[in-house]
Amino acid sequence: MGLICVFILIAALIKRRRPLSERFTRLIESRRFELIFVAVLLLGAAALRLIGLSELPAGMNQDEASIGYDSWAIANYGVDRNGYHNPVYPVAWGAGHGPFYMYAASLFIKLFGNSLFVYRLPQALLGVLSVFVLYLLLKKTTDRFTAYIGALLLCVSPWHIISSRWGLDANPAPFLILFGLYFFVKGCQDKKTWSYALSAALFSLSLYTYASTYIVVPIMLIILVVYALVRRYLTVKQLVISGVVCIVIAVPLAMFWVVNLFKLPEIHTALFSVPRLTALRSNSVFLPFDQEFFSNVLKNIGSLFSLLFSYPVRELHNIIDGFNIIYVFTFPLFLLGGFLSFKRAIKLKSDRFDFAMCAWFVAAFIFSLIVRQNINRINVLFIPVIYFVAVGIRFLADRQRELCAVVLCLVMAASGLFVNAYFGDTYRQQIGAQFMHGFGEAAQYADSLDRNTVYCADLYTDGRVNGGYLVLMYYCKVDPTRFNSTVQYYNNDAEFRFAKSFDRYNFVLPQDMTADEYKDDVFILPADYASRFDIRYDIKQFDNFIVVSRTR
């Protein structure tokens, strides 16, 4: 498929130029067409991100369970599972997770009650909104046709659809950066101080999503601010006001890092708390700065393009076999669009605003080179990549309208294949196995039984159950105070702490579960454990898991 686009580009360069007709140009520039296109696009984006949200992905990822439980606990008790009142940065497993999604989900849970649909809803809505905001941004930075293409590409991007449908702390990061960039460009054009201040607030808020923003946002802002000052889009007064807004919002996060980096005492106030983590994840996330650092950076360059366009399926929660971050045949268009965008961006006298997306790409690219790469960590790179593809397709439209139509047809055909694969039974079963589908329902059923101890398989006893204790806590609505006062971890100081037990729940399976001493207990196990029990036991199956109890 990539070769097809290469041939299309060559043909566009050597054939006689046939740009978009004047009639078609007038059509797409009309207000009526814009309203219809945007409405249909947003309806499609909403459908792809909201339909069956609680059933697909099937089950609940361990990080979803961690954030989801803390969201529910904050909404109902005002504390997380570690007992901290409104933590600036929750301790979670031990090494923490970004607080933005936890508080966003807790607000929705407070308003609409607790369910997997409600928990995932903020991310899905941010995904739909990001399609609209990208359209608005590209309409300001390029032209309406490019805006149509860019928004369409984001709407049908496999990465964007998948990431919009489950609640991970890293997933909102590129969306908040996009919103911040939109208002920055708006400020450059309308010279309004409030646009810059709102942009600063959104950029600062993005720091509460995931650690990638600690590098990407500062680099990006330095480039944007210097460019805007040189072009006289931004005044010193506006810079100071926006800087104050940014700093005020970031102060609690700065306090958190000072406390943790310098191992200072925790801070507890009536409004919030600043906890100490059990460990910092910098060593497991970033490349070590040793004698192999620069060679690893060079390796990351190659692996980055592999991840973007030919990534082997290792992360079913982010990608599907046969599909990539964007469709692989658009790779030549990405290179072309990137070249054209950077060429325009370095022309200081240009009225185009390509510099905005180029600044984002540069910052995200630098980050991607110094991190242990996976899709969640470098997701801040993907929207600029999609933008460059849109610019490449726009170039085709200017050269050969028929070839542009061919590429857009290929995109829509590939999108149809992806949607069919994503909503199909095969992927549902694959992701259900990874996301422990059935464990939550099994936990609810086991908890409802009048038994002494609930024994559950978890990572230390069965590698297929990762963080099962958190899924149980989320589905069974365990009191966080009760959990925090009774929990025993395998290692209290670990980066990722796994519970051995709390209250009446035990996550260390007995060697002989059929012994008489366990006759009044209940077990939550992977379904293939069923053969270990005889007719004395009642076995109820919940997809990948079973609940086993001895018949009384």
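Residues numbered from 1 in each chain as written. Predicted model: local features only at pLDDT ≥ 70, side-chain atom pairs only at ≥ 80, totals over all residues. Heavy atoms only, no water.

Caption draft 1: Spatial organisation of the side chain of Lys186. Tracing the chain through its elements places Lys186 in helix 9 (residues 173-190). Among the residues examined, Lys186 registers a relative accessible area of 18% and is labelled buried. Ignoring any residue separated from it by four or fewer positions in sequence, one finds Lys186 in contact with Lys140, Lys191, Trp194 and Ser195. (Helix = DSSP H or I, 4+ residues; strand = E, 2+ residues; numbered from the N terminus. Buried < 20%, exposed > 50% of the residue type's maximum accessible area, 1.4 Å probe, protein only. Contact = heavy atoms within 4.5 Å.)

Caption draft 2: Quick look at the sheet that holds strand 4 (residues 488-489). With mixed pairing, seven strands are arranged side by side in an open sheet as 4-5-6-3-7-9-8. A single partner strand is all that each edge strand has here, and the edge strands are strand 4 and strand 8 (537-542). Note: strand 3 (residues 454-456) against strand 6 (residues 505-506), two bridges, orientation parallel. Across the sheet, residue Tyr455 finds its bridge partner in strand 6, namely Asn506. Most of the contacts of helix 21 (residues 468-476) go to strand 5 (residues 499-502), to which it runs at about 30°, and overall it touches strand 3, strand 4, strand 5, strand 6 and strand 7 (522-526). (Pairing = 2+ DSSP bridges. Axes fitted to C-alpha atoms, helices over the stretch in contact; angles between N-to-C directions.)

Caption draft 3: Here's a closer look at the nonpolar core. Grouped together as the largest cluster of nonpolar side chains are 123 residues, with contacts concentrated most on Leu181 and Trp360. Among residues more than four places away in sequence, those in contact with Trp360 are Pro174, Ile177, Leu178, Leu181, Val216, Met220, Val380, Ile383 and Pro384. Counting 62 residues, the second largest nonpolar core, distinct from the first, contains Trp72, Ile109, Met436 and Leu470. (Core = buried A, V, L, I, M, F, W, Y, C linked by side-chain atoms within 4.5 Å.)

Caption draft 4: Molecular detail of the packing of aromatic side chains. Overall, the coordinates contain 54 aromatic pairs when judged by the stated rule. A ring pair is formed by Tyr227 and Phe355, whose centres lie 3.9 Å apart and whose planes are at 10°; its orientation type is stacked. Remark: Phe355 occurs in helix 16 (residues 354-369) and Tyr227 occurs in helix 11 (residues 213-230); sequence separation between them is 128 residues. Judged by its relative accessible area of 10%, Tyr227 falls in the buried class. (Phe/Tyr/Trp six-rings, centres within 6.5 Å; stacked < 30°, edge-to-face > 60°.)

Caption draft 5: Expanded view of the pairing of strand 7. Counting buried positions along strand 7 gives five out of five residues, so the element sits mostly inside the fold. Where strand 3 and strand 7 come together, three bridges link them in parallel fashion. The residue of strand 7 that forms the bridge with Tyr455 is Phe523. Where strand 7 meets strand 9 (residues 545-550), five bridges bridge the pair, whose relative direction is antiparallel. The residue of strand 9 that forms the bridge with Pro526 is Phe545.

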